[in-house]
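Tertiary structure, described
Chain by chain, the residues run as shown.
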Amino acid sequence: MLRKELLFYKLAPDDYESLVRFLGGRMEEMGYVKNSYVPAVVEREKGFPTGLSMGDYGIAIPHTDREHVNQSVLAIASLKKPIYVHSMIDPTKEVEVSLVILMAVEDPDGQVKMLSKLMGLFQDVETLKQLEQSNSCEEMYQILSKLELEVV
């Protein structure tokens, strides 16, 4: 589900929506998602935000329904400086996010399984710290390849 060409480090987006549009656009260019995917993710975030505070780290996992997905894939971006995303727990609050994992899952059971694996990643503070401090996509790939995210 994870592709080297969909790993990005130290991005500096203007805002969260532009980051989602960039990552989703790359997924679409590669044929993993339909042209309806990005607008569906942006719309879903309005009602069901995905920002999570994990102690010292903020993470977002934007996603949408499988009808917009051609093939399951993840895009992961570390950020040069944090951006604000509405909280999954309390949508009236914002979380400072420095890692975004855009998830496109074709299989309905796969989404639950992937979220479960990602939650394991989020609870591993050392791995989050390594991802945040990585200096290249290759370094991110090496860190993620140790996890069971079906890295290819």
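Residues numbered from 1 in each chain as written. Predicted model: local features only at pLDDT ≥ 70, side-chain atom pairs only at ≥ 80, totals over all residues. Heavy atoms only, no water.

The name given to the chain in an unreviewed UniProt entry is PTS EIIA type-2 domain-containing protein, and the organism recorded there is Enterococcus pallens ATCC BAA-351.

**Brief notes about helix α1 (residues 16-29)**
Spanning 14 residues, α1 covers 20 Å between terminal C-alpha atoms, matching the ideal 20 Å at 1.5 Å per step. Within the span of α1, buried status applies to Y16, L19, V20, L23, G24, G25 and M27. Where the residues of α1 are buried, they touch β1 (2-11), α2 (37-47), β3 (57-60), β4 (73-86) and β5 (94-104). Residue D15 occupies the N-cap position of α1, its side-chain oxygen lying 3.3 Å from the main-chain nitrogen of E17. (Helix = DSSP H or I, 4+ residues; strand = E, 2+ residues; numbered from the N terminus. Expected span 1.5 Å × (residues − 1). Buried < 20%, exposed > 50% of the residue type's maximum accessible area, 1.4 Å probe, protein only. Contact = heavy atoms within 4.5 Å. Polar contact = N/O pair within 3.5 Å; in protein donor to acceptor, adjacent residues only side chain to side chain.)

**Looking at helix α5 (residues 137-144)**
All of the buried residues in α5 are M140, Y141, I143 and L144. For α5, the angular spread of the buried residues around the axis is 160°, confining them to a single face. Against β1, β4 and α4 (125-133) lie the buried residues of α5. (Arc of directions from axis to C-beta.)

**A short note on the nonpolar core**
Inside soluble globular proteins, nonpolar side chains tend to come together where they are buried. If you look at the biggest cluster of nonpolar residues, it comprises 27 residues, and the most contacted ones within it are L19, L23, M27, Y37 and V100. No other element matches the six residues that β4 contributes to this core. The next biggest cluster of nonpolar side chains, apart from the first, holds 23 residues, and it includes M1, L99, M114 and I143. (Core = buried A, V, L, I, M, F, W, Y, C linked by side-chain atoms within 4.5 Å.)

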